[in-house]
Amino acid sequence: MVSWICRNVRSVLQTKPWRLWGVSLLAGLLTWLGGIGFVGVPAVAFCLDLALTGSLALLFLEAYRGNAVESRDLFTPFRREQLPHLVGGMAWMSLWVFLWFLIPVAGLVLGPMKLYAYRFTPYILLTRPDVKATEAIQVSARETQGYRGKMFLVDLLIYGALILAALLLTGLAQIPWMGPLFYTLLVVVVLLAVFLIPLFTGLIRAGFYDEVQHCLEDPSYSTRFAPPTPPAYTPPAAGQQPPQPGTQYCPICGQPAPKAARFCNNCGTKLDGSTLG
(Lines give C-alpha, C1' and ligand atoms only; values in the text may rest on other atoms or scores of the structure.)
Protein backbone atom coordinates (compact mmCIF):
# COMPACT_ATOMS: atom_id res chain seq x y z
CA MET A 1 0.00 0.00 0.00
CA VAL A 2 2.81 2.42 0.85
CA SER A 3 4.40 2.22 -2.59
CA TRP A 4 0.96 2.59 -4.21
CA ILE A 5 0.21 5.74 -2.20
CA CYS A 6 3.67 7.19 -2.92
CA ARG A 7 3.14 6.65 -6.66
CA ASN A 8 -0.21 8.43 -6.51
CA VAL A 9 1.29 11.31 -4.52
CA ARG A 10 4.09 11.59 -7.05
CA SER A 11 1.48 11.78 -9.81
CA VAL A 12 -0.26 14.62 -7.96
CA LEU A 13 3.01 16.47 -7.45
CA GLN A 14 3.93 16.07 -11.11
CA THR A 15 0.89 18.18 -12.00
CA LYS A 16 2.63 21.07 -10.15
CA PRO A 17 -0.16 21.79 -7.65
CA TRP A 18 0.92 25.38 -6.96
CA ARG A 19 -2.54 26.31 -5.73
CA LEU A 20 -2.62 23.49 -3.21
CA TRP A 21 0.85 24.45 -2.02
CA GLY A 22 -0.21 28.08 -1.72
CA VAL A 23 -3.35 27.14 0.21
CA SER A 24 -1.30 25.06 2.65
CA LEU A 25 1.01 28.03 3.22
CA LEU A 26 -2.03 30.27 3.68
CA ALA A 27 -3.40 27.92 6.33
CA GLY A 28 -0.09 28.04 8.18
CA LEU A 29 0.01 31.83 7.95
CA LEU A 30 -3.56 32.17 9.24
CA THR A 31 -2.79 29.84 12.15
CA TRP A 32 0.25 31.93 13.04
CA LEU A 33 -1.67 35.19 12.75
CA GLY A 34 -4.50 33.74 14.80
CA GLY A 35 -2.06 32.78 17.54
CA ILE A 36 -0.75 36.34 17.62
CA GLY A 37 -4.08 38.11 17.22
CA PHE A 38 -5.80 36.06 19.89
CA VAL A 39 -2.85 35.78 22.24
CA GLY A 40 -5.08 37.00 25.06
CA VAL A 41 -7.82 34.52 24.16
CA PRO A 42 -5.98 31.21 23.66
CA ALA A 43 -9.23 29.26 23.33
CA VAL A 44 -10.11 31.16 20.14
CA ALA A 45 -6.65 30.63 18.69
CA PHE A 46 -6.84 26.94 19.57
CA CYS A 47 -10.23 26.53 17.87
CA LEU A 48 -9.00 28.38 14.79
CA ASP A 49 -6.01 26.07 14.58
CA LEU A 50 -8.24 22.98 14.84
CA ALA A 51 -10.60 24.26 12.16
CA LEU A 52 -7.78 25.09 9.74
CA THR A 53 -6.08 21.75 10.37
CA GLY A 54 -9.25 19.85 9.55
CA SER A 55 -10.02 22.03 6.55
CA LEU A 56 -6.53 21.56 5.13
CA ALA A 57 -6.77 17.78 5.60
CA LEU A 58 -9.93 17.78 3.46
CA LEU A 59 -8.19 19.78 0.72
CA PHE A 60 -5.33 17.28 0.63
CA LEU A 61 -7.86 14.48 0.34
CA GLU A 62 -9.56 16.18 -2.60
CA ALA A 63 -6.20 16.75 -4.29
CA TYR A 64 -5.21 13.12 -3.77
CA ARG A 65 -8.47 12.05 -5.42
CA GLY A 66 -7.60 14.20 -8.43
CA ASN A 67 -10.10 16.98 -7.79
CA ALA A 68 -9.32 20.65 -8.35
CA VAL A 69 -8.63 22.71 -5.23
CA GLU A 70 -9.57 26.37 -4.86
CA SER A 71 -8.41 28.85 -2.22
CA ARG A 72 -11.97 29.43 -1.04
CA ASP A 73 -12.28 25.71 -0.25
CA LEU A 74 -10.10 26.30 2.79
CA PHE A 75 -13.02 28.10 4.43
CA THR A 76 -15.78 25.67 3.39
CA PRO A 77 -15.84 23.87 6.78
CA PHE A 78 -16.33 27.25 8.51
CA ARG A 79 -20.04 27.09 7.72
CA ARG A 80 -22.35 27.31 10.71
CA GLU A 81 -23.57 23.74 10.38
CA GLN A 82 -20.08 22.22 9.99
CA LEU A 83 -17.80 24.29 12.21
CA PRO A 84 -19.08 23.14 15.64
CA HIS A 85 -18.96 19.50 14.50
CA LEU A 86 -15.39 19.85 13.20
CA VAL A 87 -13.96 21.88 16.08
CA GLY A 88 -15.74 19.73 18.67
CA GLY A 89 -14.41 16.50 17.21
CA MET A 90 -10.88 17.83 16.80
CA ALA A 91 -10.89 19.22 20.35
CA TRP A 92 -12.12 15.88 21.68
CA MET A 93 -9.28 14.13 19.85
CA SER A 94 -6.69 16.62 21.18
CA LEU A 95 -7.97 16.14 24.72
CA TRP A 96 -7.62 12.38 24.60
CA VAL A 97 -4.14 12.55 23.06
CA PHE A 98 -3.13 14.97 25.81
CA LEU A 99 -4.49 12.61 28.49
CA TRP A 100 -2.63 9.66 27.01
CA PHE A 101 0.62 11.64 27.06
CA LEU A 102 0.06 12.43 30.76
CA ILE A 103 0.40 8.77 31.79
CA PRO A 104 3.78 8.46 33.57
CA VAL A 105 6.46 6.72 31.48
CA ALA A 106 3.95 4.72 29.38
CA GLY A 107 2.56 7.96 27.98
CA LEU A 108 5.76 8.41 25.96
CA VAL A 109 4.71 5.34 23.98
CA LEU A 110 0.92 5.44 24.25
CA GLY A 111 0.70 9.11 23.25
CA PRO A 112 2.36 8.69 19.84
CA MET A 113 0.42 5.46 19.29
CA LYS A 114 -2.86 7.32 19.80
CA LEU A 115 -1.75 10.04 17.39
CA TYR A 116 -1.65 7.40 14.67
CA ALA A 117 -4.82 5.72 15.88
CA TYR A 118 -6.74 9.02 15.65
CA ARG A 119 -5.16 10.22 12.41
CA PHE A 120 -8.31 9.69 10.34
CA THR A 121 -10.40 11.87 12.65
CA PRO A 122 -10.46 15.11 10.57
CA TYR A 123 -11.40 13.20 7.40
CA ILE A 124 -14.18 11.36 9.21
CA LEU A 125 -15.58 14.56 10.70
CA LEU A 126 -15.73 16.31 7.33
CA THR A 127 -16.77 13.47 5.02
CA ARG A 128 -19.15 11.53 7.27
CA PRO A 129 -21.46 13.96 9.09
CA ASP A 130 -23.48 11.07 10.48
CA VAL A 131 -20.58 10.20 12.83
CA LYS A 132 -20.83 12.09 16.10
CA ALA A 133 -17.97 14.38 17.05
CA THR A 134 -17.19 12.32 20.15
CA GLU A 135 -17.26 9.04 18.20
CA ALA A 136 -14.92 10.02 15.37
CA ILE A 137 -11.79 8.97 17.29
CA GLN A 138 -13.30 5.55 17.96
CA VAL A 139 -14.10 5.07 14.28
CA SER A 140 -10.59 6.22 13.39
CA ALA A 141 -9.04 3.80 15.88
CA ARG A 142 -10.92 0.90 14.29
CA GLU A 143 -10.10 1.85 10.71
CA THR A 144 -6.38 2.46 11.33
CA GLN A 145 -5.85 -1.02 12.76
CA GLY A 146 -3.26 -2.79 10.64
CA TYR A 147 -2.09 0.45 9.02
CA ARG A 148 -0.53 2.40 11.91
CA GLY A 149 2.83 0.73 11.50
CA LYS A 150 2.90 1.65 7.82
CA MET A 151 2.02 5.27 8.58
CA PHE A 152 4.73 5.39 11.25
CA LEU A 153 7.27 3.91 8.83
CA VAL A 154 6.53 6.57 6.21
CA ASP A 155 6.90 9.37 8.77
CA LEU A 156 10.12 7.82 10.05
CA LEU A 157 11.59 7.68 6.55
CA ILE A 158 10.64 11.27 5.75
CA TYR A 159 11.73 12.95 8.97
CA GLY A 160 14.62 10.55 9.52
CA ALA A 161 16.06 11.39 6.10
CA LEU A 162 15.68 15.10 6.85
CA ILE A 163 17.44 14.80 10.22
CA LEU A 164 20.27 12.74 8.72
CA ALA A 165 20.75 15.27 5.93
CA ALA A 166 20.87 18.14 8.44
CA LEU A 167 23.38 16.29 10.65
CA LEU A 168 25.54 15.41 7.65
CA LEU A 169 25.63 18.97 6.35
CA THR A 170 26.32 20.31 9.84
CA GLY A 171 29.25 17.93 10.17
CA LEU A 172 30.62 18.79 6.74
CA ALA A 173 30.34 22.48 7.57
CA GLN A 174 33.09 21.98 10.14
CA ILE A 175 35.64 21.38 7.36
CA PRO A 176 37.94 24.43 7.08
CA TRP A 177 37.20 26.67 4.10
CA MET A 178 34.10 24.63 3.25
CA GLY A 179 31.90 25.83 6.10
CA PRO A 180 30.02 28.60 4.22
CA LEU A 181 29.14 26.25 1.36
CA PHE A 182 27.68 23.52 3.55
CA TYR A 183 25.93 25.99 5.85
CA THR A 184 24.27 27.45 2.75
CA LEU A 185 23.19 23.97 1.66
CA LEU A 186 21.86 23.35 5.17
CA VAL A 187 19.75 26.50 4.99
CA VAL A 188 18.41 25.42 1.59
CA VAL A 189 17.49 21.97 2.93
CA VAL A 190 15.71 23.47 5.94
CA LEU A 191 13.75 25.90 3.77
CA LEU A 192 12.72 23.14 1.37
CA ALA A 193 11.61 21.04 4.34
CA VAL A 194 9.57 23.87 5.83
CA PHE A 195 7.78 24.66 2.58
CA LEU A 196 7.47 21.24 0.91
CA ILE A 197 7.26 18.55 3.58
CA PRO A 198 3.82 19.69 4.84
CA LEU A 199 2.52 19.34 1.28
CA PHE A 200 4.03 15.89 0.84
CA THR A 201 2.99 14.52 4.24
CA GLY A 202 -0.50 15.98 3.87
CA LEU A 203 -1.01 14.07 0.63
CA ILE A 204 0.47 10.90 2.12
CA ARG A 205 -1.92 11.01 5.10
CA ALA A 206 -4.88 11.71 2.85
CA GLY A 207 -3.78 8.82 0.65
CA PHE A 208 -3.82 6.40 3.57
CA TYR A 209 -7.36 7.43 4.48
CA ASP A 210 -8.61 7.17 0.90
CA GLU A 211 -7.03 3.77 0.21
CA VAL A 212 -8.20 2.33 3.54
CA GLN A 213 -11.76 3.43 2.76
CA HIS A 214 -11.58 1.63 -0.58
CA CYS A 215 -10.33 -1.51 1.17
CA LEU A 216 -13.15 -1.35 3.73
CA GLU A 217 -15.78 -0.92 1.03
CA ASP A 218 -14.37 -3.62 -1.23
CA PRO A 219 -11.99 -6.19 0.36
CA SER A 220 -10.81 -7.27 -3.10
CA TYR A 221 -9.44 -3.75 -3.64
CA SER A 222 -6.40 -4.58 -1.50
CA THR A 223 -5.23 -7.16 -4.05
CA ARG A 224 -3.81 -4.36 -6.17
CA PHE A 225 -1.21 -3.74 -3.46
CA ALA A 226 0.08 -7.34 -3.56
CA PRO A 227 3.22 -8.13 -5.58
CA PRO A 228 2.53 -9.73 -8.97
CA THR A 229 2.33 -13.52 -8.97
CA PRO A 230 5.20 -15.09 -10.93
CA PRO A 231 4.08 -16.88 -14.07
CA ALA A 232 3.56 -20.61 -13.72
CA TYR A 233 6.22 -22.86 -15.20
CA THR A 234 5.13 -24.72 -18.32
CA PRO A 235 7.00 -27.99 -18.80
CA PRO A 236 8.46 -28.69 -22.26
CA ALA A 237 6.17 -30.44 -24.71
CA ALA A 238 6.63 -34.10 -25.44
CA GLY A 239 9.44 -34.78 -27.89
CA GLN A 240 11.42 -31.66 -27.05
CA GLN A 241 15.09 -32.03 -26.20
CA PRO A 242 15.55 -32.60 -22.39
CA PRO A 243 17.64 -30.13 -20.35
CA GLN A 244 21.40 -30.47 -20.54
CA PRO A 245 23.21 -32.38 -17.75
CA GLY A 246 24.04 -30.21 -14.74
CA THR A 247 20.76 -28.31 -14.90
CA GLN A 248 19.00 -27.68 -11.58
CA TYR A 249 15.29 -27.14 -11.04
CA CYS A 250 13.43 -24.70 -8.84
CA PRO A 251 11.75 -26.59 -5.95
CA ILE A 252 8.80 -24.16 -6.05
CA CYS A 253 7.83 -23.74 -9.69
CA GLY A 254 9.99 -26.37 -11.43
CA GLN A 255 11.71 -23.89 -13.75
CA PRO A 256 15.11 -25.17 -15.00
CA ALA A 257 18.16 -23.06 -14.20
CA PRO A 258 21.91 -23.28 -14.90
CA LYS A 259 24.05 -25.11 -12.37
CA ALA A 260 25.72 -21.88 -11.21
CA ALA A 261 22.44 -19.99 -10.71
CA ARG A 262 21.64 -18.95 -7.13
CA PHE A 263 18.05 -17.78 -7.70
CA CYS A 264 15.18 -18.91 -9.91
CA ASN A 265 14.59 -16.53 -12.83
CA ASN A 266 10.85 -17.28 -12.73
CA CYS A 267 9.83 -16.85 -9.07
CA GLY A 268 13.00 -15.66 -7.32
CA THR A 269 13.35 -18.70 -5.02
CA LYS A 270 16.89 -19.28 -3.72
CA LEU A 271 18.55 -22.35 -5.28
CA ASP A 272 20.98 -24.54 -3.33
CA GLY A 273 21.89 -27.14 -5.96
CA SER A 274 19.86 -29.91 -4.32
CA THR A 275 17.85 -30.51 -7.51
CA LEU A 276 20.71 -30.91 -9.99
CA GLY A 277 19.83 -33.10 -12.92
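This text goes with the structure placed above it.
Residues numbered from 1 in each chain as written. Predicted model: local features only at pLDDT ≥ 70, side-chain atom pairs only at ≥ 80, totals over all residues. Heavy atoms only, no water.

Novice: How would you summarise the overall build of the protein if you had to cite specific residues and measurements?
Specialist: A count of helical and extended segments in the protein gives nine helices and two strands. Element order for the protein, N to C, with α for helix and β for strand: α-α-α-α-α-α-α-α-α-β-β. Partitioning the intrachain contacts of the protein with sequence separation of at least 6 by distance along the chain shows that 61% fall at a separation of at least 24. Per element, the accessible surface of the protein, about 16700 Å² overall, is 68% carbon and sulfur. (Helix = DSSP H or I, 4+ residues; strand = E, 2+ residues; numbered from the N terminus. Contact = heavy atoms within 4.5 Å. Areas by Shrake-Rupley, 256 points an atom, 1.4 Å probe, with all protein chains shown as cover.)

Novice: With reference to specific residues and values, describe the layout of surface pockets.
Specialist: Empty space within the largest pocket amounts to approximately 640 Å³. Along the walls of the largest pocket sit 24 residues, with Thr53, Met90, Arg119, Pro122 and Arg205 positioned nearest its centre. Those elements that provide at least two residues to the lining of the largest pocket are helix 3 (42–64), helix 4 (83–102), helix 5 (107–117), helix 6 (121–127) and helix 9 (179–217). Grouping the constituent residues of the lining of the largest pocket by class yields 17 nonpolar, four polar and three charged. (1 Å grid on protein atoms, 1.4 Å probe; cavity = no way out; pocket = protein on both sides within 12 Å on 5 of 7 lines; lining within 4 Å. Points joined across faces, edges and corners; volume = space filled by probe spheres on them. Nonpolar A, V, L, I, M, F, W, Y, C, P; charged D, E, K, R; others polar.)

Novice: So what's going on with the nonpolar core? Residues and values would help.
Specialist: In terms of nonpolar packing, the biggest core is built from 53 residues, with Leu20, Phe120, Leu203 and Phe208 touching the most fellow members. Considering each element in turn, this core owes the most residues, eleven residues, to helix 3. In this structure, Phe208 is in contact with Met1, Val2, Ile5, Phe120, Lys150, Met151 and Val154, ignoring residues within four places of it in sequence. In terms of nonpolar packing, the next biggest core, distinct from the first, is built from five residues, Cys253, Ala257, Cys264 and Leu271 among them. (Core = buried A, V, L, I, M, F, W, Y, C linked by side-chain atoms within 4.5 Å. Buried < 20%, exposed > 50% of the residue type's maximum accessible area, 1.4 Å probe, protein only.)

Novice: Provide a residue-level description of a nonpolar patch on the surface, including the pertinent values.
Specialist: On the surface, Leu25, Val187, Val188, Val190, Leu191, Leu192, Val194, Phe195 and Leu196 cluster together to form a nonpolar patch covering roughly 720 Å² of accessible area. With eight residues, helix 9 is the single largest residue contributor to the nonpolar patch. For Val188, the position within the fold is in helix 9. On the basis of relative accessibility, which here comes to 40%, the residue Val188 falls in the partly exposed class. (Patch = residues over 30% accessible without salt bridge, like charges linked within 9 Å, V, L, I, M, F, W, Y side chains within 5 Å. Salt bridge = Lys/Arg side-chain N within 4 Å of Asp/Glu carboxyl O.)

Novice: Let's hear about helix 2 (residues 18–37): which residues, and what values?
Specialist: Spanning 20 residues, helix 2 covers 28 Å between terminal C-alpha atoms, matching the ideal 28 Å at 1.5 Å per step. Elements in contact with the buried residues of helix 2: helix 3 and helix 9. (Expected span 1.5 Å × (residues − 1).)

Novice: How would you explain the packing of aromatic side chains if you had to name every residue and give the values?
Specialist: A complete count under the given rule lists seven aromatic pairs for this structure. Judged by centre distance (5.9 Å) and plane angle (80°), the rings of Tyr116 and Phe152 are edge-to-face. Of the two residues, Tyr116 is situated in helix 5 and Phe152 in helix 8 (residues 148–172); the sequence distance between them amounts to 36 residues. Classification of Tyr116 as buried rests on a relative accessible area of 13%. Judged by centre distance (5.2 Å) and plane angle (80°), the rings of Phe120 and Tyr209 are edge-to-face. Separated by 89 residues along the polypeptide, Phe120 in the loop between helix 5 and helix 6 and Tyr209 in helix 9 bring together distant segments of the chain. With respect to class, Phe120 is no different from Tyr209; both count as buried. Put simply, the rings of Trp18, Trp21 and Phe195 touch in pairs and so form one group of aromatic residues. Just above the ring of Trp100 sits the side chain of Lys114; from NZ or CZ to the centre is 4.6 Å. (Phe/Tyr/Trp six-rings, centres within 6.5 Å; stacked < 30°, edge-to-face > 60°. Lys NZ or Arg CZ within 6 Å of the ring centre and 35° of its normal.)

Novice: Break down the packing of helix 8 against helix 9 for me, citing the residues and quoting the values.
Specialist: Two elements in contact, helix 8 and helix 9, have axes separated by 10 Å at closest approach and are oriented at 175°. Judged on the interaxial angle alone, helix 9 and helix 8 are roughly antiparallel. Packed against helix 8, whose contacting residues are Lys150, Met151, Val154, Asp155, Ile158, Tyr159, Leu162, Ala166, Leu169, Thr170 and Leu172, the element helix 9 presents Phe182, Leu185, Leu186, Val189, Ala193, Ile197, Phe200, Thr201, Ile204, Arg205 and Phe208 at the interface. Of the residues contributing to the contact of helix 8 with helix 9, the split by class is 17 nonpolar, two polar and three charged. (Axes fitted to C-alpha atoms, helices over the stretch in contact; angles between N-to-C directions. Parallel < 35°, antiparallel > 145°, perpendicular 65-115°, else oblique.)

Novice: Any details on the side chain of Asp155? Residues and values, ideally.
Specialist: Structurally, Asp155 is set in helix 8. The exposure class of Asp155 is buried, given its relative accessible area of 8%. Apart from the residues lying within four places of it in its own chain, the contact partners of Asp155 are Tyr116, Arg119, Gly160 and Arg205.

Novice: Would you mind going over the side chain of Ser24 in detail, with residue names and values included?
Specialist: Mapped onto the secondary structure, Ser24 falls in helix 2. Reaching out from Ser24, the side chain makes a polar contact with the backbone oxygen of Trp21 at a distance of 2.6 Å. Here Ser24 is in contact with Leu56 and Phe60, once residues within four sequence places are set aside. (Polar contact = N/O pair within 3.5 Å; in protein donor to acceptor, adjacent residues only side chain to side chain.)

Novice: Residues and numbers for the pattern of salt bridges, please.
Specialist: Tallying each qualifying case throughout the model produces four salt bridges. One salt bridge connects Glu70 with Arg19, and the closest N-O pair in it is separated by 2.9 Å. In this pair, Glu70 sits in the loop between helix 3 and helix 4 while Arg19 sits in helix 2, placing the two residues 51 residues apart along the sequence. Take Arg19: its relative accessible area is 48%, and that puts it in the partly exposed class. With a shortest N-O distance of 2.7 Å, Glu143 and Arg128 are connected by a salt bridge.

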